[in-house]
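# Residue-level structure breakdown
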Amino acid sequence: MKLFDLHCDTMYECYETGAELRQNTLCIDRAKTAPYEMYTQVFALFCGTKSSRPRLRSLLDLPPARRLDALLETVHQEFTVNADWITLCRDMEDWQWAQAHGRHAAFLSIEGAELLTSEAQVQRAYDAGVRMVSLSWNGYNQYACGAVYGNDTGLSEKGKALVRRLVELGVIVDVSHLSEAGFWDICMETEAPFVASHSNSRACCDHLRNLTDLQFSEIMRRGGLVGINLYSPFLRADKEQAELSDVLRHIEHFLAQGGEACLALGADLDGCSSIPKGMQTVADMERLGEYLLRHNYLQSTVDALFFDNAHRFFDRMLK
């Protein structure tokens, strides 16, 4: 099976806990990705949050201007020592090299643009390989606001300027976590395709982190991409642990809107505490594929969801 996943927080966890990408107790490492014929993962550089779990260090203890560099130092270290099995890619030429040499592929994103404290940091991130940026996480920053804190709060003037700058650089804008008002502000600033890297359907689960049908149709109209999130509270509203049937419900709703060409996976592994029963790590994503096939999905539809749509989108955007 091939897998192209749009969002995980594994690199952030490596920074905060001291875990190593090669072998760890997290959701993603070398052995857990071994079953996949082709595996591409977008690793998010997360802006950080307080945690009650044991930590070696906290990103939030650093001055804001140092946080991006600290994460990029971890990225450089991990992808250097793991270059024998996974390649950090800046464009699809790098991706093709990785495939030709039997390696998995990685791209970098930023989750929460508070990591970008200045234009110099935007350029620093780009030069280091960041190719996707979400303007907010859950709270407010100088650019935007997260949906659960201020869904009617749009982009600031700095946020609008950042959108224009990212598009100019060829960086993909990610609207997951962003307020609904901010979403439509982006639509006013650019006609470029964008992604919701790890978001589900609000019609299926009424959570502000999920997309309305109108938002989904706009992403689809632009030729964008939506990654299905495995976090239980975004899959079902009753606070119970999700089942694979809940994932299927969101997929089917988006497909009914005509979204077969723009649906992908953004599992949010190592970034959420509860995923569907029977799943623990990236190796278990195969179970979702098998579940869809057992429920009469065509192999071509499963392939599109798991790999082909994301690959085609990145090939178009990161030439």
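Our subject is the structure that appears above.
Read on for a plain summary of the structure. (Residues numbered from 1 in each chain as written. Predicted model: local features only at pLDDT ≥ 70, side-chain atom pairs only at ≥ 80, totals over all residues. Heavy atoms only, no water.)

## Quick notes on the pattern of salt bridges
Where we set the bar: The salt bridge criterion pairs a side-chain nitrogen of Lys or Arg with a carboxyl oxygen of Asp or Glu, the two atoms within 4 Å. In this text, helices come from DSSP runs of H or I with a minimum length of four residues, and strands from runs of E with a minimum of two, each type numbered from the N-terminal end. When a residue's accessible area, from a 1.4 Å probe over protein chains only, is under 20% of the maximum for its type it is buried; when over 50% it is exposed; and in between it is partly exposed.
The tally for this structure, following the rule as stated, stands at 22 salt bridges. One salt bridge in this structure joins Arg222 and Glu191, with 3.9 Å as the shortest N-O distance. Taken together, the positions of Arg222 in the loop between helix 9 (213-221) and strand 8 (225-228) and Glu191 in the loop between helix 8 (180-189) and strand 7 (195-196) put the pair 31 residues apart, joining distant regions of the chain. Given the relative accessible area of 8%, Arg222 is considered buried.

## Points about the environment of Arg312
Summarising the element assignment, Arg312 is placed in helix 13 (residues 299-317). Put simply, Arg312 and Cys262 are 50 residues apart on the chain and 9.8 Å apart in space, counted from C-alpha to C-alpha.

## Some thoughts on the packing of helix 11 (residues 244-256) against helix 12 (residues 285-294)
Working note: a packed helix pair is described by the angle between its axes plus the distance between those axes. Put simply, the test is: Helix axes use the C-alpha atoms of the stretch in contact, all axes being lines fitted to C-alpha atoms, and the angles between their N-to-C directions lie in the range 0 to 180 degrees. For this classification, under 35 degrees means roughly parallel, over 145 means roughly antiparallel, 65 to 115 means roughly perpendicular, and everything else is oblique. Take the far helix as your reference; a near helix turned counterclockwise from it by less than a right angle gives a left-handed crossing, and one turned clockwise gives a right-handed crossing. What makes two residues a contact is simply this: any of their non-hydrogen atoms within 4.5 Å. Here the nonpolar group is Ala, Val, Leu, Ile, Met, Phe, Trp, Tyr, Cys and Pro; Asp, Glu, Lys and Arg are the charged ones; every other residue, Gly included, is treated as polar.
Where helix 11 meets helix 12, the axes come as close as 11 Å, and the angle between the chain directions of the two elements is 65°. In terms of orientation, helix 11 and helix 12 fall into the roughly perpendicular class. For the crossing formed where helix 11 meets helix 12, the hand is right-handed. Of the residues in helix 12, those in contact with Leu244, Ser245, Val247, Leu248 and Ile251 of helix 11 are Arg287, Leu288, Tyr291 and Leu292. By residue class, the composition of the contact of helix 11 with helix 12 is 7 nonpolar, 1 polar and 1 charged.

## Let's talk about empty space enclosed by the protein
Here is the rule we go by: Note on definitions: the grid is 1 Å and covers protein atoms alone; a cavity is a set of points where a 1.4 Å probe fits but cannot get out; a pocket is an open set with protein on both sides within 12 Å along at least five of seven lines; lining residues have an atom within 4 Å of a point. Grid points are joined across faces, edges and corners, and a volume is the space filled by probe spheres set on the points.
Here the structure, examined in full by the defined rule, presents 3 cavities of 30 Å³ or more. Here the largest cavity defines a volume of roughly 80 Å³. In terms of lining residues, the largest cavity is bounded by 13 residues, among which Leu178, Leu208, Asn210, Leu211 and Gln215 are the most central. Grouping the amino acids of the lining of the largest cavity by side-chain chemistry returns 6 nonpolar, 4 polar and 3 charged. If you add up the space inside the second largest cavity, you get close to 60 Å³. Breaking the lining of the second largest cavity down by element, the ones donating at least two residues are helix 11 and helix 13. Among the elements that make up the lining of the second largest cavity, the one with the highest residue count is helix 13 (4 residues).

## Digging into unusual backbone geometry
The backbone of His177 shows a phi angle near 80°, a positive value even though the residue is not glycine. Within the fold, His177 resides in the loop between strand 6 (172-174) and helix 8. Take His177: its relative accessible area is 8%, and that puts it in the buried class. A positive phi angle, close to 70°, is found at Asp268, a residue other than glycine. Residue placement: Asp268 occurs in the loop between strand 9 (263-265) and helix 12.

## With respect to the layout of surface pockets
Its volume calculated, the largest pocket comes out at about 770 Å³. Lining of the largest pocket is provided by 35 residues; of these, Arg53, Asp270, Gly271, Cys272 and Ser273 occupy positions nearest its centre. A per-element tally of the lining of the largest pocket places helix 1 (residues 10-17) first, with 4 residues. Classifying every residue of the lining of the largest pocket gives 11 nonpolar, 14 polar and 10 charged.

## Observations regarding helix 11
Put simply, the rule is: Residue count minus one, scaled by 1.5 Å, sets the expected span of a helix.
With 13 residues, helix 11 extends 18 Å from end C-alpha to end C-alpha; this agrees with the ideal 18 Å at 1.5 Å per step. For helix 11, the set of buried residues is Leu244, Asp246, Val247, Leu248, His250, Ile251, His253 and Phe254. At its buried positions, helix 11 is contacted by helix 9, strand 8, helix 10 (232-235), strand 9, helix 12 and helix 13. Downstream of helix 11 by one or two residues, Gly258 has phi in the positive range, about 95°.

## Re helix 8
What counts here: The arc refers to the directions leading from the helix axis to the C-beta atoms.
Buried within helix 8 we find Gly182, Phe183, Ile186 and Cys187. End-on, the buried residues of helix 8 take up no more than an arc of 150°, which puts them together on one face. The elements touched by buried residues of helix 8 are helix 7 (157-169), strand 6 and helix 9.

## Notes on the packing of helix 1 against helix 3 (residues 64-81)
Relative orientation of the contacting elements helix 1 and helix 3 amounts to 100°, with a least axis distance of 10 Å. The orientation of helix 1 with respect to helix 3, classified from their angle, is roughly perpendicular. For the pair helix 1 and helix 3, contact is made by Met11, Tyr12, Cys14 and Tyr15 and by Ala70, Leu71, Thr74, Val75, Glu78 and Phe79, respectively. Grouping the amino acids of the contact of helix 1 with helix 3 by side-chain chemistry returns 8 nonpolar, 1 polar and 1 charged.

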